Amino acid sequence: MKCLIIKSDENQFERFYNEKMNFYGVDVKNYRVFRNTNSDTNKLIKLFEYLVKLIFPFSKNKYKKYDTIIVFDDEKVVPLIYRLKSKDTKLILWNWNIVSHKRANRENVFKNRCQIWTFDKSDAEKYGWKCNEQFYFKPEKEMARINNDTQRAFCACVDKGRYKMMKEIYVELRKANISCDFFCVKDNNKAYEDIDDIDNFLVDKLLPYKDFLEHVKKSDIIVDIVQEGQDGLTVRVLEALFYNKKLITNNKSIVNMPFYNSYIYIYGYDNNISFSEFLQLRGCKYDEEAKRRYTFESWLANFEFN
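Residues numbered from 1 in each chain as written. Predicted model: local features only at pLDDT ≥ 70, side-chain atom pairs only at ≥ 80, totals over all residues. Heavy atoms only, no water.

## Some points on the nonpolar core
Right, on to step 1. Core analysis: the largest hydrophobic core is formed by 70 residues, its most contacted members being Ile 5, Ile 70, Trp 94, Tyr 136, Phe 259 and Trp 299.
Right, on to step 2. The biggest single contributor to this core is helix H8 (residues 235-242), with six residues.
Right, on to step 3. Judged by nonpolar contacts, the second largest core, of 24 residues, contains Ala 153, Tyr 170, Val 223 and Tyr 267. (Core = buried A, V, L, I, M, F, W, Y, C linked by side-chain atoms within 4.5 Å. Buried < 20%, exposed > 50% of the residue type's maximum accessible area, 1.4 Å probe, protein only. Helix = DSSP H or I, 4+ residues; strand = E, 2+ residues; numbered from the N terminus.)

## Remarks on helix H1 (residues 12-23)
Right, on to step 1. End to end, H1 covers 16 Å across twelve residues, agreeing with the expected 16 Å (1.5 Å per residue, within 8%).
Right, on to step 2. Along H1, the residues classified as buried are Glu 14, Phe 16, Tyr 17, Asn 18 and Met 21.
Right, on to step 3. Looking at the buried side of H1, the elements it contacts are strand S1 (3-7), strand S2 (27-30), helix H7 (209-217), H8 and helix H11 (296-304).
Right, on to step 4. At the N-terminal boundary of H1, the capping side chain belongs to Asn 11, with an oxygen 3.1 Å from the backbone nitrogen of Phe 13. (Expected span 1.5 Å × (residues − 1). Contact = heavy atoms within 4.5 Å. Polar contact = N/O pair within 3.5 Å; in protein donor to acceptor, adjacent residues only side chain to side chain.)

## A word on the packing of aromatic side chains
Right, on to step 1. For the structure shown, the criterion picks out 43 aromatic pairs.
Right, on to step 2. A ring pair is formed by Trp 94 and Trp 96, whose centres lie 6.1 Å apart and whose planes are at 45°; its orientation type is tilted. Each member of the pair, Trp 94 together with Trp 96, is buried.
Right, on to step 3. Aromatic pair Tyr 170 and Phe 201: ring centres 5.0 Å apart, planes at 50°, arrangement tilted. Taken as a pair, Tyr 170 in helix H6 (residues 163-175) and Phe 201 in the loop between strand S8 (179-185) and strand S9 (202-203) lie far apart in primary sequence, 31 residues in all.
Right, on to step 4. We note Lys 7 situated over the ring of Phe 72; from NZ or CZ to the ring centre the distance is 5.7 Å. (Phe/Tyr/Trp six-rings, centres within 6.5 Å; stacked < 30°, edge-to-face > 60°. Lys NZ or Arg CZ within 6 Å of the ring centre and 35° of its normal.)

## Some words on the sheet that holds strand S12 (residues 264-266)
Right, on to step 1. Strand order across the open sheet formed by six strands is S9-S8-S7-S10-S11-S12, with parallel pairing between neighbours. Each having just a single partner strand, S9 and S12 make up the two edges of the open sheet.
Right, on to step 2. Direction of pairing for strand S7 (residues 152-158) relative to S8: parallel, over a ladder of seven bridges. Among the inter-strand pairings, Ala 153 is bridged to a residue of S8, identified as Cys 180.
Right, on to step 3. Where H6 meets the sheet, its contacts fall on S7, S8, S9, strand S10 (221-224) and strand S11 (246-249), and the angle it forms with S8 comes to roughly 170°. (Pairing = 2+ DSSP bridges. Axes fitted to C-alpha atoms, helices over the stretch in contact; angles between N-to-C directions.)

## Let's talk about the packing of H1 against H7
Right, on to step 1. Two elements in contact, H1 and H7, have axes whose closest approach is 8 Å; the angle formed by their N-to-C orientations is 80°. Considered as vectors, H1 and H7 are oriented roughly perpendicular to each other. On H7, the residues touching Gln 12, Phe 13 and Phe 16 of H1 are Tyr 209, Lys 210 and Leu 213.
Right, on to step 2. When grouped by side-chain class, the residues that make up the contact of H1 with H7 number four nonpolar, one polar and one charged. (Parallel < 35°, antiparallel > 145°, perpendicular 65-115°, else oblique. Nonpolar A, V, L, I, M, F, W, Y, C, P; charged D, E, K, R; others polar.)

## Structural notes on the sheet that holds S2
Right, on to step 1. Reading across from one edge, S2-S1-S3-S4-S5-S6 is the order of the six strands in this open sheet, with parallel pairing throughout. Two strands in the sheet have a free side with no partner beyond their single neighbour: S2 and strand S6 (130-131).
Right, on to step 2. Examined bridge by bridge, S1 and S2 share four bridges and lie parallel to one another. Paired with Leu 4 across the two strands is Asp 27, which belongs to S2.

## Describing the confidence of the model for the protein chain
For any part of a model where pLDDT is low, the fine detail of the predicted coordinates should not be relied upon.
Right, on to step 1. Chain-level pLDDT for the protein chain is 88 on average; 87% of the residues reach the 70-or-more range.
Right, on to step 2. Looking at the elements of the protein chain, mean pLDDT is at its lowest for helix H2 (residues 43-55), recorded as 60, and at its highest for S10, recorded as 98.
Right, on to step 3. The low-confidence segment residues 37-41 (pLDDT under 50) makes six contacts with residues lying over four places distant or belonging to another chain. (pLDDT = per-residue confidence, 0-100.)

## Details of the environment of Thr 89
Right, on to step 1. Following the sequence through the fold, Thr 89 ends up in the loop between helix H3 (78-84) and strand S4 (90-95).
Right, on to step 2. Judged by its relative accessible area of 5%, Thr 89 falls in the buried class.
Right, on to step 3. Those residues in contact with Thr 89 that sit more than four places away from it in its chain are Tyr 63, Lys 64, Tyr 66, Asp 67, Thr 68 and Ile 69.
Right, on to step 4. For Thr 89, the side chain forms a polar contact with the main-chain oxygen of Tyr 66, separated by 2.7 Å.

## Quick word on unusual backbone geometry
Right, on to step 1. You will see that Asp 73, though not glycine, has its phi angle at about 65°, which is positive.
Right, on to step 2. Assignment of secondary structure puts Asp 73 in the loop between strand S3 (68-72) and H3.
Right, on to step 3. The class of Asp 73 is buried, set by a relative accessible area of 17%.
Right, on to step 4. Its identity is not glycine, yet Asn 177 carries a phi of approximately 65°, on the positive side.

Structural data, given as structure tokens:
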């Protein structure tokens, strides 16, 4: 299958995915190829440039060679890609983030031009879309923890309503003498009145992904906090899975996943073991066959055969 993926490359995390997908023989192009994303450009100029591209498609023939074109998270480029592609090319809009009702309604306008998929089962059922789970890439090599005496828990995310639970978990871990490597990016329009001067993990921006991965590798426990209403897997879960790290998450749907075992603790849920028993577990390892389901190759094949 000859595949083109259209997505952002605005930060290290995006570029990490793009480089990995290129390695598997998939062409990856940035949104900027298809529309002007410079926020400083006059809106009328951007609209004119977009209409020119739409009416007079550029290098049209080179997009006819693809069997599948997958657009990540941006319905705005669908009309143009629809004109550029071959009649037989499968065009897919894939949401790898949960969406608002307003966003879903905008995307559903293009149902006759593309297939709409999401990583989240609830969104799939709610909006009548197809579901393809989140994916990740097998590490080139496993990295052993240097110091096994003190366990380290790592959590890094943008607040978006996560801060309260993040702090609760932080306090519980500190009580159990777990070293906490926590970062929470503040919401600009939110007042944080209950900040502790000693244990403040609020930051202004998230770690670059290269540094982020080093924190993952050096940790024993990954903490994953999903937004309310989400049950699709996050990349945090897959990082824990592929790097064989224990996982604390509030995503209850994980109990139904093939990799679920005693090394995963669902926070606020009736688990098979207590929190203290979970923390005492060592030697985390997940089934290799279960991991295969969440590889990039499996994700791509799901589009091909569905």
